[in-house]
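Overview (structure and organization)
Each chain, written out:
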Amino acid sequence: MENLESIHQEVLRICSNRLQLMPVTLKHPFPERPVRTLGLVKLDGQVFSSDKLQRIVLFTMQPPFYLKIYSTFIRPKLQYDLPVFSCEVVCMGSKKKMFLVDAHRTGGAGIKDYTPFFDRLIAIRDQFPDLMRFSKVTGKGIQSVFSKAVCQVTIPPEMDGRALELFSRYCVAYIDLIDAAEPLAGDDLKKIRSEFEAYLKTVIDHDPGMKGNIILFGKKGGIERALDIFYGL
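To start, this report covers the structure provided alongside it. (Residues numbered from 1 in each chain as written. Predicted model: local features only at pLDDT ≥ 70, side-chain atom pairs only at ≥ 80, totals over all residues. Heavy atoms only, no water.)

A few words now on the pattern of salt bridges. Here the structure, examined in full by the defined rule, presents 15 salt bridges. The shortest N-O distance in the salt bridge between Asp-119 and Lys-148 comes to 3.6 Å. Of this pair, Asp-119 sits in helix 2 (residues 115-125) while Lys-148 is found in the loop between helix 3 (129-132) and strand 7 (151-155), placing the two residues 29 residues apart along the sequence. Here Asp-176 ties to Arg-120 by a salt bridge, and the two come within 3.0 Å at their closest N and O atoms. Separated by 56 residues along the polypeptide, Asp-176 in helix 4 (residues 160-180) and Arg-120 in helix 2 bring together distant segments of the chain. Of the residues examined, Asp-176 reaches a relative accessible area of 28% and is grouped as partly exposed. Look at Arg-120 and you get partly exposed, because its relative accessible area is 37%. A cluster of three or more residues bridged by salt bridges with shared partners is formed by Arg-18, Arg-120, Asp-176 and Asp-179. (Salt bridge = Lys/Arg side-chain N within 4 Å of Asp/Glu carboxyl O. Helix = DSSP H or I, 4+ residues; strand = E, 2+ residues; numbered from the N terminus. Buried < 20%, exposed > 50% of the residue type's maximum accessible area, 1.4 Å probe, protein only.)

Here it is in structure tokens:
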């Protein structure tokens, strides 16, 4: 049976067929076992870049109990004014998983209109009513930046295959968007840079992954690692 634990292999399959992936050397290479956890928590993953993408992140966190987190994050280079693509899979024992996938603006309205892209995602999502009946969205904190195409569900194991299918179709649609992207310059680039800085503040203040890094490595070390891994900053 297909399962969400194979999601990073699926990302590599889709991206490797369409993009030239280049491994990124991090300031703090994987794997890491934070001293604050006495080495009990393992952080691991792979990070790539490409011609148009600043980061393609495949990240896992394994605490010392029945929980494992798989994070996927794709951030285009700023000059393309593209949405970011993100996915979280949280395996909670053997009976349920939280699955979230979205593509969203990095703050503000940007310059380019991606309404057809988001409509394409919504049309895909509408083909999964069996999956979406498990939907759980609060609209608070970091969820305020999510798009109208977000899929956030807590599902039993038998829905893994459907979640993976939806994810694959979202990811293909996103790579199609990357292929067609053209860079901005001048005042347009200044505008989206300013919007991105505001978005980044929301991430630092509210993103659960950022908060987790701060718990594991302290404020300075946690923010430094997260910005390096996910944003190339």
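Turning our attention to the packing of helix 1 (residues 7-18) against helix 4. Angle between the axes and distance between the axes are the two parameters that describe a pair of packed helices. In contact at an axis separation of 10 Å, helix 1 and helix 4 are set at 30° when each is read in the N-to-C sense. Relative to helix 4, the element helix 1 lies roughly parallel. Between helix 1 and helix 4 the crossing geometry is right-handed. Taken together, the residues of helix 4 that come into contact with helix 1 (itself represented by Ile-7, Glu-10, Val-11, Ile-14, Cys-15 and Arg-18) are Leu-164, Phe-167, Ser-168, Cys-171, Val-172, Ile-175, Asp-176 and Asp-179. (Axes fitted to C-alpha atoms, helices over the stretch in contact; angles between N-to-C directions. Parallel < 35°, antiparallel > 145°, perpendicular 65-115°, else oblique. Left-handed = near helix turned anticlockwise from the far one by under 90°. Contact = heavy atoms within 4.5 Å.)

What follows deals with helix 2. Every α-helical turn comprises 3.6 residues, leaving residues that sit three or four positions apart pointing alike. Listed in full, the buried residues belonging to helix 2 are Phe-117, Phe-118, Leu-121, Ile-122, Ile-124 and Arg-125. Around the axis of helix 2, the buried residues are gathered within 155° of arc, so they sit on the same side. The inward-facing, buried residues of helix 2 contact strand 6 (96-104), helix 3, strand 7 and helix 4. (Arc of directions from axis to C-beta.)

Pairing within the open sheet is antiparallel, and its seven strands lie in the order 1-2-3-4-5-6-7. Edge positions in the sheet fall to strand 1 (22-23) and strand 7, since each of these pairs with one other strand and no more. Relative to strand 3 (residues 53-62), strand 2 (residues 42-49) runs antiparallel, the two sharing seven bridges. Paired with Asp-44 across the strands is Thr-60, a residue of strand 3. (Pairing = 2+ DSSP bridges.)

On to the state of the cysteines. In this structure the tally under the stated criterion is zero disulfides. No disulfide involves Cys-151; its sulfur sits 8.8 Å from that of Cys-87, the nearest cysteine. On the accessibility criterion, Cys-151 (0% relative accessible area) is buried. (Disulfide = S-S within 2.5 Å.)

Let us now look at unusual backbone geometry. Residue Pro-31 is bonded to the preceding Phe-30 through a cis peptide linkage, with omega at -10°. Among the structural elements, Pro-31 can be located in the loop between strand 1 and strand 2. For Leu-38, which is not a glycine, the phi torsion comes out positive at approximately 60°. Positionally, Leu-38 belongs in the loop between strand 1 and strand 2. A positive phi angle, close to 50°, is found at Asp-81, a residue other than glycine.

What follows deals with the pairing of strand 4 (residues 67-76). Counting buried positions along strand 4 yields eight of ten residues, so the element is predominantly enclosed. Looking at chain direction, strand 3 and strand 4 are connected through eight bridges and run antiparallel. When the sheet's bridge partners are listed, Ile-56 is paired in strand 4 with Ile-74. A loop of four residues connects strand 3 with strand 4, the two strands running antiparallel in sequence. In this sheet, strand 5 (residues 84-92) lies alongside strand 4 in antiparallel orientation, the contact comprising eight bridges. Among the inter-strand pairings, Ile-74 is bridged to a residue of strand 5, identified as Phe-85.

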